Amino acid sequence: IQLLKAPQFMQDLDAVANAFPGARFLFIQRSPVEIVSSSASLVWNQRRLQSDKADPRQIGREWLEKTAIREESAR
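Structural notes, computed from the coordinates. Being a predicted model, the structure only gives us computed values, none of them experimental.

Thoughts on the overall build of the protein chain
Part 1 of the reasoning: In terms of regular secondary structure, the protein chain is built from three helices and zero strands.
Part 2 of the reasoning: Secondary structure elements in the protein chain, listed N-terminal to C-terminal, are α-α-α.
Part 3 of the reasoning: In the protein chain, which comprises 75 residues, the share counted as buried stands at 19%.
Part 4 of the reasoning: In the protein chain, the proportion of contacts linking residues at least 24 apart, taken out of those at least 6 apart, comes to 45%.

Overview of helix α2 (residues 32-50)
Part 1 of the reasoning: Between its first and last C-alpha, α2 extends 27 Å over 19 residues, near the 27 Å set by a 1.5 Å rise per residue.
Part 2 of the reasoning: Buried residues of α2: Ile 35, Val 36, Ser 39, Ala 40 and Val 43, and no others. Summarising the axial view, the buried residues of α2 lie within an arc of 105 degrees, below the 170-degree limit, and thus occupy one face. Turned more than 90 degrees from where α2 packs its buried face, Val 33, Leu 42 and Leu 49 sit exposed.
Part 3 of the reasoning: Tucked into the core, α2 has its buried residues touching α3 (56-73).

Overview of α3
Part 1 of the reasoning: Its 18 residues give α3 an end-to-end C-alpha distance of 26 Å, which sits within 8% of 26 Å, the value for a rise of 1.5 Å per residue.
Part 2 of the reasoning: Of the surrounding secondary structure, the elements contacted by the buried residues of α3 are α2.
Part 3 of the reasoning: Two to three positions downstream of the cap, the backbone nitrogen of Arg 57 sits 3.0 Å from a side-chain oxygen, assigning the N-cap of α3 to Asp 55.

Remarks on the nonpolar core
Part 1 of the reasoning: Counting residues in hydrophobic clusters, the biggest one holds five residues: Val 36, Ala 40, Val 43, Ile 59 and Trp 63.
Part 2 of the reasoning: Of all the elements in the fold, those that place two or more residues in this core are α2 and α3.
Part 3 of the reasoning: Of all the elements, α2 adds the most residues to this core, at three residues.
Part 4 of the reasoning: Excluding anything up to four places from it in sequence, Ala 40 contacts Ile 59, Gly 60 and Trp 63.

Re the pattern of salt bridges
Part 1 of the reasoning: Per the counting criterion, the structure on display carries two salt bridges.
Part 2 of the reasoning: A salt bridge links Arg 47 to Glu 62, with the shortest nitrogen-to-oxygen separation between them at 3.1 Å. Note that Arg 47 is positioned in helix α2 and Glu 62 in helix α3, a separation of 15 residues in sequence.
Part 3 of the reasoning: Using a relative accessible area of 22% as the deciding quantity, one classes Glu 62 as partly exposed.

Reading guide: rules and limits
- Residues numbered from 1 in each chain as written.
- Predicted model: local features only at pLDDT ≥ 70, side-chain atom pairs only at ≥ 80, totals over all residues.
- Heavy atoms only, no water.
- Helix = DSSP H or I, 4+ residues; strand = E, 2+ residues; numbered from the N terminus.
- Buried < 20%, exposed > 50% of the residue type's maximum accessible area, 1.4 Å probe, protein only.
- Contact = heavy atoms within 4.5 Å.
- Expected span 1.5 Å × (residues − 1).
- Arc of directions from axis to C-beta.
- Polar contact = N/O pair within 3.5 Å; in protein donor to acceptor, adjacent residues only side chain to side chain.
- Core = buried A, V, L, I, M, F, W, Y, C linked by side-chain atoms within 4.5 Å.
- Salt bridge = Lys/Arg side-chain N within 4 Å of Asp/Glu carboxyl O.

Shown next as structure tokens:
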């Protein structure tokens with residue numbers, strides 16, 4: 001049994017399925033609001049250590065887009 005527990009795989013499910021023929025997928029859903037706020041907060045805190053220009057609004061928009069892509073790919 002292989003377990004891939006990383007949200008970024010959601011963006012590339014076709015590639016994962018092609019790499020692992022016969023794989024079965026289990027989707028556990030969380031509230032998009034929780035996902036975006038948690039992820040954006042983590043990224044903002046990391047970026048602000050490396051830059052004076054870390055924009056929480058831009059990061060929030062980026063993670064809203066990423067979350068939408070991942071949700072759509074799972075349908």
